[in-house]
Amino acid sequence: MSTRLDPLVSEFETQEQAERYDRWFRERVQRSMDDPRPTIAHDDVMAEMRALVESKRRRHAND
């Protein structure tokens, strides 16, 4: 049985859940770091997302 955690201290109900999430998160970060594809600058991603949101707004404004 896993130790219950205080909800004021942790978003997880048990220590086991917290550890499982930690393992999952660390694996995702490592996979990202190991990815051989070129990185994309934050500003480039944000500009693309702003353009996408704006195009969706315009499309819905015309509905």
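Basis of the calculations
Counting restarts for each chain, with residues numbered from 1 along the sequence as it is written. Only residues with pLDDT of at least 70 get local features here, since the model is predicted, and only at 80 or more are side-chain atom pairs given and counted; chain-wide, interface and lining totals rely on the full set of residues. Working from all heavy atoms in the structure, the side-chain values ignore hydrogens and water. Helix and strand assignments follow DSSP, with helices taken as H or I runs no shorter than four residues and strands as E runs no shorter than two, numbered in order from the N terminus. With the radius of gyration taken over C-alpha atoms, the globule rule is written as 2.2 Å times the number of residues to the power 0.38. Residue-level accessible areas treat just the shown protein chains as cover; the underlying method is Shrake-Rupley with a 1.4 Å probe. Positive charges come from Lys and Arg, negative ones from Asp and Glu, while His and the chain ends are left out of the count. Where a charge sits is defined by one atom per residue type, namely NZ (Lys), CZ (Arg), CG (Asp) or CD (Glu). UniProt positions are given in the numbering used here, feature names are shortened, and annotations may be inferred rather than shown by experiment. Relative accessibility under 20% of the residue-type maximum defines a buried residue, over 50% an exposed one, and the middle range a partly exposed one, all with a 1.4 Å probe and only protein chains included. As used in this structure description, the phrase polar contact means that two N or O atoms lie within 3.5 Å; if the pair is within protein, one of them must be able to donate a hydrogen and the other to accept it, and residues adjacent in sequence are counted only when both atoms belong to side chains. One side-chain nitrogen of Lys or Arg within 4 Å of one carboxyl oxygen of Asp or Glu is enough to make a salt bridge. What makes a patch is a set of residues exposed beyond 30% relative accessible area and free of salt bridges, joined within 9 Å when like-charged and within 5 Å when nonpolar (Val, Leu, Ile, Met, Phe, Trp, Tyr).

Topic: the overall build of the protein chain
Along the backbone of the protein chain there are two helices and zero strands. Against the globule reference of 11 Å for 63 residues, the protein chain gives a C-alpha radius of gyration of 20 Å, more extended than a compact globule. Working note: accessible area of the protein chain is about 6,300 Å², and carbon and sulfur atoms make up 53% of it. Of the side chains in the protein chain, 12 bear a positive and 14 a negative charge, and the two mean positions are spaced by 5 Å.

Considering the UniProt feature "domain: Stability determinant" (unreviewed entry) in the protein chain
Taken from the UniProt record, the annotation "domain: Stability determinant" (unreviewed entry) applies to residues 16-48. Taken end to end, residues 16-48 has its terminal C-alpha atoms 39 Å apart, with 79% of it in helix and 0% in strand.

As for the environment of Met46
Within the fold, Met46 resides in helix H2 (residues 42-61). Along the sequence, Met46 and Arg28 sit 18 residues apart, while their C-alpha atoms lie 22 Å from each other.

Observations concerning the side chain of Thr14
Relative to the helices and strands, Thr14 is located in the segment before helix H1 (15-34). In this structure Thr14 comes out as buried when scored by relative accessible area, which is 13%. Looking at Thr14, its side chain comes within polar contact range of the main-chain nitrogen of Gln17, at 3.1 Å.

Some words on the pattern of salt bridges
For the structure on display, the rule yields seven salt bridges. Where Arg26 meets Asp22, a salt bridge forms, and the shortest distance between an N and an O atom there is 2.8 Å. Of this pair, Arg26 and Asp22 are both found in helix H1, four residues apart, which corresponds to roughly one turn of the helix. Classification of Arg26 as exposed rests on a relative accessible area of 56%. Linked by salt bridges that have partners in common, Glu54, Arg57 and Arg58 make up one network.

Considering a nonpolar patch on the surface
On the surface, Tyr21, Trp24, Phe25, Val29 and Met33 cluster together into a nonpolar patch covering about 510 Å² of accessible area. Its place among the elements puts Trp24 in helix H1. Residue Trp24 is classed as partly exposed on the basis of its relative accessible area, which comes to 43%.

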